[in-house]
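Fold and contact review
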Amino acid sequence: MPAERLSVVVTRRLPEVVETRMKELFDVELRDSDAPMSRDEIVAAMKRADVLVPTLTDTVDAAMLSQAGDKLRLIANYGAGIDHIDVQTARQRGVLVSNTPGVVTEDTADMTLALILAVTRRIPEGLALMQSGDWQGWSPTAMLGGRLGGRRLGILGMGRIGQAVARRAAAFGMQVHYHNRHRLHADIEAELEATYWESLDQMVARMDIISINCPHTPSTFHLMNARRLKLMKKDAVIVNTSRGEVIDENALTRMLRAGEIAGAGLDVFEGGAEINPRLQALKNVVLLPHMGSATVEGRAEMGEKVIINIKTFADGHRPPDQVVPAML
């Protein structure tokens, strides 16, 4: 496609600096409201735009793409995850898909360690005690948590974020273990001092903490199912900053309520914004509203990647972050 001022529709409010730069470069239609677009609104946007900029809350499935018409040429996703977009159907219709990998690695790894600390050291319970005014002073047996040093951390998914988590865990004196589709190169394993497990079942049964850092794909849906959750030690905890669909949330809730798992720290949920009220009621669970990438710097860098992908495409070249079949 020759260089031109492309028509771009953005589905959600983005940081001001990103929106302003888009306005300078493209014929962009910005969103006044931060509420998600409806399916009909997204379909209408795809009919009138060269480029759609959705977020992870915007489903773009085959039925919607079939109504898009011939104008749409690029879906420049604001975010690294692409499970909400039917990439195969988009490719069949000649629509490229790009994402924003890498920019939220450090932020998400920070949040993973924050959740691990919050669960194991009972930080929310301590905050609630102080806010209630019921604290009676220090006691040798009050609010006892567990030390991180020496604990075994099992990382499920050893990509960029998983490796960043491993580096942070090592600084806390934890023993790093991992399961991944492919084993890491020996040099990376040595650098991280990480132990590889080909069998996820065997790893899960031996870990003190499980960290979910793999993407949501058909092969990872409910990867931590009821059977696998039951393999966990009763004093183990599980943390998820990836995608809620990787864990069978109903099974996890039952086991947490029954004391079969010691605790959980969740930043993502199987039902999206619909949180299981039984999960919310548990004191051994820390729930966050999908804050893993929520830093000013990270969100701005995501926007910069979106702009680069669109500008490169407008100049007649392949977007640097184009999603290819091997990624699916």
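What comes next concerns the included structure. (Residues numbered from 1 in each chain as written. Predicted model: local features only at pLDDT ≥ 70, side-chain atom pairs only at ≥ 80, totals over all residues. Heavy atoms only, no water.)

Another aspect to go through is helix H7 (residues 160-171). Given a rise of 1.5 Å per residue, 12 residues ought to cover 16 Å, and the 17 Å separating the end C-alpha atoms of H7 matches this to within 8%. Within the sequence span of H7, burial applies to Gly162, Gln163, Ala164, Val165, Ala166, Arg168 and Ala169. In this structure, the buried residues of H7 make contact with helix H5 (105-120), strand E6 (152-156), strand E7 (175-179), helix H8 (186-192) and strand E9 (209-212). Once H7 ends, the next one or two residues include glycine 173, with phi positive near 80°. (Helix = DSSP H or I, 4+ residues; strand = E, 2+ residues; numbered from the N terminus. Expected span 1.5 Å × (residues − 1). Buried < 20%, exposed > 50% of the residue type's maximum accessible area, 1.4 Å probe, protein only. Contact = heavy atoms within 4.5 Å.)

Residues Met130, Trp135 and Trp138 make up a contiguous nonpolar surface patch of about 450 Å² in total accessible area. Along the chain, the position of tryptophan 135 falls in the loop between helix H6 (123-132) and E6. (Patch = residues over 30% accessible without salt bridge, like charges linked within 9 Å, V, L, I, M, F, W, Y side chains within 5 Å. Areas by Shrake-Rupley, 256 points an atom, 1.4 Å probe, with all protein chains shown as cover. Salt bridge = Lys/Arg side-chain N within 4 Å of Asp/Glu carboxyl O.)

Let us look at the sheet that holds strand E3 (residues 51-53). Judged by pairing direction, the sheet is parallel, and its 5 strands sit side by side in the order E2-E1-E3-E4-E5 without closing on themselves. One side of each edge strand has no neighbouring strand; the edge strands of this open sheet are strand E2 (27-29) and strand E5 (96-98). Neighbour to neighbour, the strand axes of the sheet diverge by 20° on average, direction disregarded. In this sheet, E5 lies alongside strand E4 (residues 74-76) in parallel orientation, the contact comprising 3 bridges. Its bridge partner being in E5, isoleucine 75 is matched across the sheet by valine 97. Against the sheet, helix H13 (residues 296-314) engages strand E1 (7-10), E3, E4 and E5, with an angle of about 160° to E4. (Pairing = 2+ DSSP bridges. Axes fitted to C-alpha atoms, helices over the stretch in contact; angles between N-to-C directions.)

A separate point is the pairing of E7. With 4 of its 5 residues buried, E7 lies for the most part within the structure. Relative to E7, E6 runs parallel, the two being bridged by 5 bridges. Directly across from arginine 152, in E7, lies its bridge partner glutamine 175. Considered for its hand, the β-α-β crossover made up of E6, H7 and E7 is right-handed. Pairing of E7 with strand E8 (residues 194-196), which is carried by 3 bridges, proceeds in the parallel orientation. Residue histidine 177 lies in a different strand from E8, and its bridge partner there is threonine 195. (Right-handed = clockwise from strand over helix to strand, strands pointing away.)

This paragraph deals with the packing of H5 against H7. The contact between H5 and H7 brings their axes to 8 Å, and the two run at 50°. Classified by the angle their axes make, H5 and H7 are oblique. In this structure, H5 crosses over H7, and the sense of that crossing is right-handed. Counted together, Thr105, Glu106, Thr108, Ala109, Asp110, Thr112 and Leu113 of H5 and Arg160, Ile161, Ala164, Val165, Arg168 and Ala169 of H7 form the full contact between these two elements. Tallied by class, the residues present in the contact of H5 with H7 amount to 6 nonpolar, 3 polar and 4 charged. (Parallel < 35°, antiparallel > 145°, perpendicular 65-115°, else oblique. Left-handed = near helix turned anticlockwise from the far one by under 90°. Nonpolar A, V, L, I, M, F, W, Y, C, P; charged D, E, K, R; others polar.)

Looking now at the side chain of serine 293. Position of serine 293 relative to the elements: it lies in the loop between strand E12 (285-287) and H13. There is a polar contact of 2.9 Å between the side chain of serine 293 and the side chain of arginine 299. If we skip the residues at most four places from it in the chain, serine 293 touches Val104, Asp107, Thr108 and Arg299. (Polar contact = N/O pair within 3.5 Å; in protein donor to acceptor, adjacent residues only side chain to side chain.)

Judged by which residues are buried, strand E11 (residues 263-266) turns out to be covered on both faces: Gly263 and Gly265 on one side and Ala264 and Leu266 on the other are all buried. The sheet contact formed by strand E10 (residues 237-240) and E11 spans 4 bridges and is parallel. If you follow asparagine 240 over to E11, its bridge partner there is leucine 266. Read as a crossover between parallel neighbours, the route from E10 over helix H11 (residues 249-258) to E11 is right-handed. Strand direction decides the pairing type here: E11 and E12, joined by 3 bridges, are parallel. Its bridge partner being in E12, alanine 264 is matched across the sheet by valine 285.

A word on the packing of aromatic side chains. How two aromatic rings sit relative to each other is given by the distance of their centres and the angle of their planes. Following the criterion strictly, the structure yields 1 aromatic pair and no others. Aromatic pair tyrosine 178 and tyrosine 196: ring centres 5.2 Å apart, planes at 50°, arrangement tilted. Separated by 18 residues along the polypeptide, tyrosine 178 in strand E7 and tyrosine 196 in strand E8 bring together distant segments of the chain. Tyrosine 196 matches tyrosine 178 in its accessibility class, with the two residues each being buried. (Phe/Tyr/Trp six-rings, centres within 6.5 Å; stacked < 30°, edge-to-face > 60°.)

Purely geometric stuff here, so don't read any function into it on its own.
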